Number of protein chains: 2
Amino acid sequence: MRISVLGGDGYCGWATALYLSAKGHSVSIVDNFARRQWDHELGVQTLTPVQPLSVRLKAWQELTGKTIDLFVGDVTDYDFLASTIQAFSPEAVVHFAEQRAAPYSMIDRKHAVFTQVNNVVGTLNLLFAIRELQPDCHLIKLGTMGEYGTPNIDIEEGYITIEHNGRKDLLPFPKQPGSFYHLSKVHDSHNMMFACKIWGLRATDLNQGVVYGTLTEEVERDEALINRFDYDEVFGTVLNRFCVQAAIGHPLTVYGEGGQTRGFLDIRDTVRCIEIACLKPAAPGECRVFNQFTEQFSVLDLAQMVQAAARKIGLMVDIHHIPDPRVEAERHYYNAKHSKLVDLGLQPHNLSDSLLDSLMNIAVKYSDRIDSSLFLPRVQWRSPRNDRQQPRAEVATVTLSEDTLLSERE
Amino acid sequence: MRISVLGGDGYCGWATALYLSAKGHSVSIVDNFARRQWDHELGVQTLTPVQPLSVRLKAWQELTGKTIDLFVGDVTDYDFLASTIQAFSPEAVVHFAEQRAAPYSMIDRKHAVFTQVNNVVGTLNLLFAIRELQPDCHLIKLGTMGEYGTPNIDIEEGYITIEHNGRKDLLPFPKQPGSFYHLSKVHDSHNMMFACKIWGLRATDLNQGVVYGTLTEEVERDEALINRFDYDEVFGTVLNRFCVQAAIGHPLTVYGEGGQTRGFLDIRDTVRCIEIACLKPAAPGECRVFNQFTEQFSVLDLAQMVQAAARKIGLMVDIHHIPDPRVEAERHYYNAKHSKLVDLGLQPHNLSDSLLDSLMNIAVKYSDRIDSSLFLPRVQWRSPRNDRQQPRAEVATVTLSEDTLLSERE
């Protein structure tokens, strides 16, 4: 199958491109290296030493004999994006090419506006390009479980049947996103549903949970193929951050009570979900929604699991509760459905001790690259302007010495 | 009260600014004259000869002794917008400064992207400016009833209590907007709810129905104050267009079956609703939603009412059904709640024979300005690219001669 991966140099995109290539699909990557640029802007680095894309692609070709086509450019540039569709004629486009960090979108007005314009315009461009040039192409778009927020009812997959005053209808599930980034994904979802309706496009909106892990079968084949492992307060995901903190004996920093419960999945399942969506496309005119995660955990659950995994290799770490920089419920009901991908054949990798051990091993292996000044949150949701230029050490000291800071030691 | 009217040179904005000024409020207008520019782009003119804003404001001052402050600039330019908030210190900002025509947003990709970026960025800028400079200021934002689409259940005012699997929650009403423009308003609504939640802002989202009429007590005082009366296929609203068609004996052009049912209101109620919202502001942190319309009609209902009003002044007109350029249900359930503004004191002007007579009189009075080539739809929802540069006469002939065209004559 001909599959174009937009954002194929990023964390999920790279793993997906290699997996699909290994499976025998004809793959192209479209990327403008914005993700690498944001690292420079923020003064952060992935834990793992990722290679330039040109090096990665050459290594992949040498190992497997498979080539991945590369188009370098910005999806918000319609002429560029359209040229990639014309040149590659994809049967499916997997769209990861968005700014995907909630804290980045909350830095200040410019970052909020950038995130929404970048994400919304990129997706609008893609909808128009598919309609104009490749109308049977299946759009597989990465959304987020964060679109739903934390309602006090079960979360369905995209749509819910509502009975009201004696009538009923199947309607889009109400959205309560928690950052300007999450809002951009809600905007995309509405735009996609409409485009499918008026133009008969086929689309799958994957509301993905929080992804953890860095190793997939493909990237393990050579150090040059290694994937990102982000642990900083802006782009890092929570489980990665806890592992890195544990590796250097730093307290695990839980935001608030830690009762925030979310859907999580292993990156090895991300790539499989994408292939399942490609192989079993939406029907023309259909905008289907899958909740793409495998297990629910609270943030405190994860901290305790990492604490236990660390102890096994002789690392004793505390769990610290620090003031929540976000505006979110710290305890809440959460029950999100996620059966559609399983029905289509997904066999989940659950978060096991052995996976946690492997994550800890990576964190320890690269521990000389860990910058502990990147752990603590410097982007506060309640502030419209977060100055990330002030010296980090000060912030860390101030935050850790606040009275609200609690400590839990087993 | 100090009230800033963004988009105060437009149709609703101008009527609102004068009404609030007449009521004794201290009013400023912020406008970049984009609406006048779009007339030039499309080659259309309002039926009524509107004067430049400088002339309008001078006439108002001479008639009443009241001044309205003017800030000329674009709300997507944050520095400009912030400077108006700083200079005027509004207690309420009424935000009409958006691209508000569904067909305009459906012309092609550039118009879709422009509409969403313009509207979303303007509103984001306003939320940040209020948060940073005037956090107690009440934001009154014009949304649209079109955000809801036409669900098969009663439409509530912004939020709905959903019972599901034995639990319940009050959640945002699901949205099914029908154009890239309507989508932009849905995006705005989500952004506003979030900003109120994280920053404690106070906001009222007015989901307005289709506005008709041109005369308010204020604009009637002098010809120089006259308001817009748009009847073209892009910016014209349906009742205005029917009146203009009747005035020159042109068949009333109903899209499809004409069973499309919507909420409508008199522009004299628009201005009163805005003042009610100003005087009874939302609480800090509250993003309340009012459905701002007074009556429901189907498009065919309106055509028949105009046909009858025309007959009274000796004008016999047919009703033609032409293919619907939009993708929408031509018959559907529709029952939208609209009691919150009435509860706060709104006394509606219902659509009466006398109002219709007055609209017909305006259409007849200015009939030498009517361009009948502007009546027929040239923007098709199903096409991603509508070339509005082709000669109009051709389009008109082709469309009217299609076999699907039906005629109803009483």
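Cut-offs applied
- Residues numbered from 1 in each chain as written.
- Chains lettered and ligands numbered in written order.
- Predicted model: local features only at pLDDT ≥ 70, side-chain atom pairs only at ≥ 80, totals over all residues.
- Heavy atoms only, no water.
- Helix = DSSP H or I, 4+ residues; strand = E, 2+ residues; numbered from the N terminus.
- Buried < 20%, exposed > 50% of the residue type's maximum accessible area, 1.4 Å probe, protein only.
- Contact = heavy atoms within 4.5 Å.
- Phe/Tyr/Trp six-rings, centres within 6.5 Å; stacked < 30°, edge-to-face > 60°.
- Buried area = accessible area lost by both parts, 1.4 Å probe.
- Salt bridge = Lys/Arg side-chain N within 4 Å of Asp/Glu carboxyl O.
- Core = buried A, V, L, I, M, F, W, Y, C linked by side-chain atoms within 4.5 Å.
- Pairing = 2+ DSSP bridges.
- pLDDT = per-residue confidence, 0-100.
- Axes fitted to C-alpha atoms, helices over the stretch in contact; angles between N-to-C directions.
- 1 Å grid on protein atoms, 1.4 Å probe; cavity = no way out; pocket = protein on both sides within 12 Å on 5 of 7 lines; lining within 4 Å.
- Points joined across faces, edges and corners; volume = space filled by probe spheres on them.
- Disulfide = S-S within 2.5 Å.
- Polar contact = N/O pair within 3.5 Å; in protein donor to acceptor, adjacent residues only side chain to side chain.

(A) Here's a closer look at the environment of B:G73. Residues and elements named next belong to chain B. With respect to the helices and strands, G73 occurs in the loop between β3 (69-72) and α4 (78-88). For G73, a relative accessible area of 15% translates into the label buried. Here the alpha-carbon distance between G73 and D31, two residues 42 residues apart in the chain, equals 5.8 Å. What G73 contacts, discounting residues up to four positions off in sequence, is D31, N32 and F80.

(B) The arrangement of the packing of aromatic side chains in detail. Inspection of the entire model under this criterion finds 22 aromatic pairs over all chains. With 6.1 Å between their ring centres and 55° between their planes, A:W199 and B:F180 make a pair best called tilted. Taken together, the positions of A:W199 in helix α7 (residues 180-199) and B:F180 in helix α7 (residues 180-199) put the pair across two chains. By relative accessible area, which is 1% here, B:F180 ends up buried. Three or more aromatic residues link up through ring pairs in this structure, and these residues are A:W38, A:Y104, A:F114 and A:F235.

(C) Spatial organisation of the interface of chain B and chain A. Chain B puts 53 residues into the contact, and the matching count from chain A is 53 residues. Interface area for chain B against chain A, summed over the two sides, is near 5,100 Å², with a carbon-plus-sulfur share of 66%. On the chain B side of the contact with chain A, B:R109, B:R167 and B:F194 bury the most area, a combined 13% of that side's loss. Across the chain B-chain A interface, the total number found is 2 salt bridges.

(D) Representation of the nonpolar core. Counting 89 residues, the largest nonpolar core has B:L47, B:F180, B:F242 and B:V306 as the members making the most contacts within it. In terms of residue count, helix α6 (residues 109-133) of chain A provides more of this core than any other element does, 8 residues in total. Those residues in contact with B:F180 that sit more than four places away from it in its chain are A:L124, A:F128, A:N191, A:F194, A:W199, B:S105, B:M106, B:A112 and B:Q116. Among the nonpolar cores identified, the runner-up in size contains 87 residues, and A:L42, A:V254, B:L81 and B:A195 belong to it.

(E) View of the pairing of strand β6 (residues 159-164) of chain B. Residue and element names in this part refer to chain B. Burial of β6 is one-sided: the residues I160, I162 and H164 facing one way are buried, the residues Y159, T161 and E163 facing the other way are not. In the sheet, β6 pairs with strand β7 (residues 167-172) via 6 bridges, with the strands oriented antiparallel. Residue pairing in the sheet places H164 in a bridge with R167 of β7. Joining the antiparallel neighbours β6 and β7 is a turn of 2 residues, in which N165 adopts a positive phi near 50°.

(F) The confidence of the model for chain A, seen in detail. Residues and elements named next belong to chain A. Of the residues in chain A, 95% have a pLDDT of 70 or more, and the chain-wide mean is 95. Taken together, the stretch residues 394-410 has pLDDT below 50 and engages in 32 contacts with residues farther than four places along the chain or on a different chain. Overall fold confidence for the complex sits at a pTM of 0.96, while the interface term, ipTM, reaches 0.95.

(G) Examining the environment of A:A34 more closely. Tracing the backbone shows A:A34 in helix α2 (residues 34-42). Looking at A:A34, the relative accessible area reads 16%, which means it is buried.

(H) Summary view of the pattern of salt bridges. All names here are of chain A. Considering all chains together, one arrives at 40 salt bridges over all chains under this definition. Put simply, R100 and D230 hold a salt bridge, and the shortest N to O gap is 3.5 Å. Taken together, the residues span a long stretch of sequence, with R100 in the loop between β4 (92-95) and α5 (102-105) and D230 in the loop between β9 (210-212) and α8 (238-247) at a distance of 130 residues. Classification of R100 by relative accessible area gives partly exposed; the value is 28%. Between E257 and R331 there is a salt bridge, and its shortest N-O distance comes to 2.3 Å. Of this pair, E257 sits in the loop between β10 (252-255) and β11 (261-266) while R331 sits in the loop between β14 (319-322) and α11 (340-343), and the two are 74 residues apart along the sequence. Residue R331 is classed as exposed on the basis of its relative accessible area, which comes to 64%.

(I) Just the sheet that holds strand β9 (residues 210-212) of chain B, in detail. All names here are of chain B. What the 3 strands build is an open sheet, ordered β9-β11-β13; its pairing is mixed. Edge positions in the sheet fall to β9 and β13 (295-298), since each has one partner strand and no second. Across the sheet, the axes of successive neighbouring strands diverge by a mean angle of 45°, strand direction being ignored. In terms of strand pairing, β9 meets strand β11 (residues 261-266) through 3 bridges, oriented parallel. The residue bridging Y212 from the neighbouring strand is D266, located in β11.

(J) Broad picture of empty space enclosed by the protein. Applying the stated rule across the entire model yields 10 cavities of 30 Å³ or more. Size it by volume and the largest cavity reaches roughly 90 Å³. Lining the largest cavity are 13 residues, and of these A:F173, A:K175, A:H190, B:K175 and B:H190 sit closest to its centre. Per-element tally for the lining of the largest cavity: the top contributor is α7(A), with 4 residues.

(K) Spotlight on the state of the cysteines. Residue and element names in this part refer to chain A. On inspection of all chains with the given rule, the structure shows 0 disulfides over all chains. Considering cysteine sulfurs only, C12 is the nearest to C273, which forms no disulfide, with 11 Å between them. When its relative accessible area of 1% is taken as the criterion, C273 is described as buried.

(L) Representation of α4(B) within the structure. Taken together, the buried positions of α4(B) are occupied by B:Y78, B:F80, B:L81, B:A82, B:T84, B:I85 and B:F88. Buried residues along α4(B) sit in contact with α6 of chain A together with β1 (2-6), β2 (26-31), β3, β4 (92-95) and α6 (109-133) of chain B. The backbone nitrogen of B:D79 lies 3.2 Å from a side-chain oxygen of the residue at the head of α4(B), namely B:D77. B:S89 lies just past α4(B) and shows a positive phi near 45°.

(M) Region of interest: the sheet that holds strand β12 (residues 287-292) of chain B. Residues and elements named next belong to chain B. Ordered by their spatial adjacency, 7 strands build an open sheet running β3-β2-β1-β4-β5-β8-β12, and the pairing between neighbours is parallel. The sheet is open, and its two borders are formed by β3 and β12, each paired with just one other strand. On average, each strand axis in the sheet is tilted by 20° relative to the strand beside it, whichever way the strands run. Bridging between β2 and β3 involves 4 bridges; their strand directions are parallel. Paired with D31 across the strands is V72, a residue of β3.

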